[in-house]
There are 2 protein chains.
Amino acid sequence: MNLKNQVEWALHCCSVMMGLPQGATLPAKVLAEFHGVPKEYLSKALQSLSQQGIVIGTLGPNGGYRLAKSPDEITFLDIVEAVEGKRSGFSCAEIRGNNPCLPKKHKAGKPCTIARYMWQADEAWRTSLRGVTLAELGRQLAEDVPAEVLSKSHEWLVARG
Amino acid sequence: MNLKNQVEWALHCCSVMMGLPQGATLPAKVLAEFHGVPKEYLSKALQSLSQQGIVIGTLGPNGGYRLAKSPDEITFLDIVEAVEGKRSGFSCAEIRGNNPCLPKKHKAGKPCTIARYMWQADEAWRTSLRGVTLAELGRQLAEDVPAEVLSKSHEWLVARG
DNA sequence: TTAATTACGGATGAATAATATCCGTAATTA
DNA sequence: TAATTACGGATATTATTCATCCGTAATTAA
Ligand code: SF4
Ligand code: SF4
């Protein structure tokens, strides 16, 4: 029961794209080098973000990625679901159907009680993630990370984008 | 990002053990047959429940499993964590440490901002599961499942325990 | 006492999913 | 025209889940 490591990568990438000047982009190559992760594999995550309309990828020299929306319109849930998918972590194999005492007609009942509670917890997880925007992450990072590290990182990235 | 299928099995097993007469037990073999799942593998889940003090396994003929506590003292979270473990679904590889602009001293900072939000969502999931007891599941099942199916299943199980 | 039954736990194999790389295509820019 | 970049398909590698097998110890009934 582990989220893919691409989730962490995608969140970090969105985080740094947030600090970009209007219209500027960051190529996958630079994002990969900055985070110390394999470029080809990170690209898959970035393409997922692109398909979901969270980032925009532009081709050619000086191309790369930038956020598609304002940071306060992008939630953690958007990013997580883009790379991890929208299926619940609990998948029901309908083993109640194997009950030897079950009459045939019972087949078309509503979803099982157990599954409903599990999906309810899943929804609580999603609700929590939906409550955190990139903008809020930015404010919190400004508190948590030394200003010098932030500005140096910003320079480093802009110089290569 | 999927829970193991043993989670579903364990929840179902606890559910049927709840209806047992005082002191009676159900062997893994019977639980496996009732749910249509492999006995050897289901045993692993039952042993996990046993280790966590949720059920009690007794040896010998007429042995088997029974709940170790009252149904209103057992939550979904207890059962899920017993078979799935207590680690968060989000595991942080500390990729921020690869930032080329990072001074050495920064190493021993507090957990990253991103990870904190992810763990917060994980905690929301656990809180939701912690709020559902076996007793409540039993009441809900009584509403959802036809009385005839419940009583037939009960007979079937007791006859073999 | 003996034989059957049961939980328990270690070892091992099979199937599936996550991780990672490779490469060809199309778009864009200098 | 040549270099750069996103994009997507194919493939290989590794980790995890799923499942089985088997020996041990405890308990019970005959
Ligand atoms: S009873 Fe619920 S959890 Fe179990 S198999 Fe059916 S739907 Fe799934
Ligand atoms: S910043 Fe957070 S999510 Fe990113 S590597 Fe560090 S701890 Fe993990």
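All values reported here derive from a predicted model rather than from experimental measurement.

## Structural notes on the site of ligand 1
The environment of ligand 1 is made up of Phe90, Cys92, Glu94, Ile95, Arg96, Cys112, Ile114 and Ala115 of chain A together with Glu8 and His12 of chain B. Around ligand 1, the neighbouring residues derive from chains A and B rather than from a single chain. Looking at side-chain class alone, the shell around ligand 1 contains six nonpolar, one polar and three charged residues.

## Quick notes on the pattern of salt bridges
Counting across every chain of the model gives twelve salt bridges over all chains. Note that arginine 130 of chain A and glutamate 123 of chain A form a salt bridge whose closest N and O atoms lie 2.8 Å from each other. Salt-bridge contacts for arginine 126 of chain B lead to aspartate 122 of chain B; the nearest nitrogen and oxygen are separated by 2.0 Å. Here arginine 126 of chain B pairs with aspartate 122 of chain B, and both are found in helix α5 (residues 113-130), just four residues apart, close to one helical turn. The same class applies to arginine 126 of chain B and to aspartate 122 of chain B, which are both buried. Sharing partners across several salt bridges, the network here consists of Glu81, Asp122 and Arg126 of chain A.

## Description of the packing of aromatic side chains
Counting across every chain of the model gives six aromatic pairs over all chains. Taking 5.5 Å as the distance between ring centres and 75 degrees as the angle between the ring planes, the aromatic pair formed by phenylalanine 76 of chain A and tyrosine 117 of chain B counts as edge-to-face. In this pair, phenylalanine 76 of chain A sits in helix α4 (residues 76-84) while tyrosine 117 of chain B sits in helix α5, so the two residues belong to two different chains. The buried category is assigned to phenylalanine 76 of chain A, whose relative accessible area is 0%. Each ring, one from tryptophan 9 of chain B and one from tyrosine 41 of chain B, has its centre 5.5 Å from the other, and the planes form 85 degrees; the classification is edge-to-face. Residue tryptophan 9 of chain B is located in helix α1 (residues 5-17), and its partner tyrosine 41 of chain B is located in helix α3 (residues 39-51); the two are separated by 32 residues in the primary sequence. On the accessibility criterion, tryptophan 9 of chain B (6% relative accessible area) is buried. For tyrosine 41 of chain B, a relative accessible area of 38% puts it in the partly exposed group. For arginine 160 of chain A, the ring lying beneath its charged end belongs to tryptophan 156 of chain A, and the centroid distance is 3.9 Å.

Cut-off values and rules
Residues numbered from 1 in each chain as written. Chains lettered and ligands numbered in written order. Predicted model: local features only at pLDDT ≥ 70, side-chain atom pairs only at ≥ 80, totals over all residues. Heavy atoms only, no water. Near = heavy atom within 4 Å. Nonpolar A, V, L, I, M, F, W, Y, C, P; charged D, E, K, R; others polar. Salt bridge = Lys/Arg side-chain N within 4 Å of Asp/Glu carboxyl O. Helix = DSSP H or I, 4+ residues; strand = E, 2+ residues; numbered from the N terminus. Buried < 20%, exposed > 50% of the residue type's maximum accessible area, 1.4 Å probe, protein only. Phe/Tyr/Trp six-rings, centres within 6.5 Å; stacked < 30°, edge-to-face > 60°. Lys NZ or Arg CZ within 6 Å of the ring centre and 35° of its normal.

Keep in mind these numbers describe shape, not what the thing actually does.
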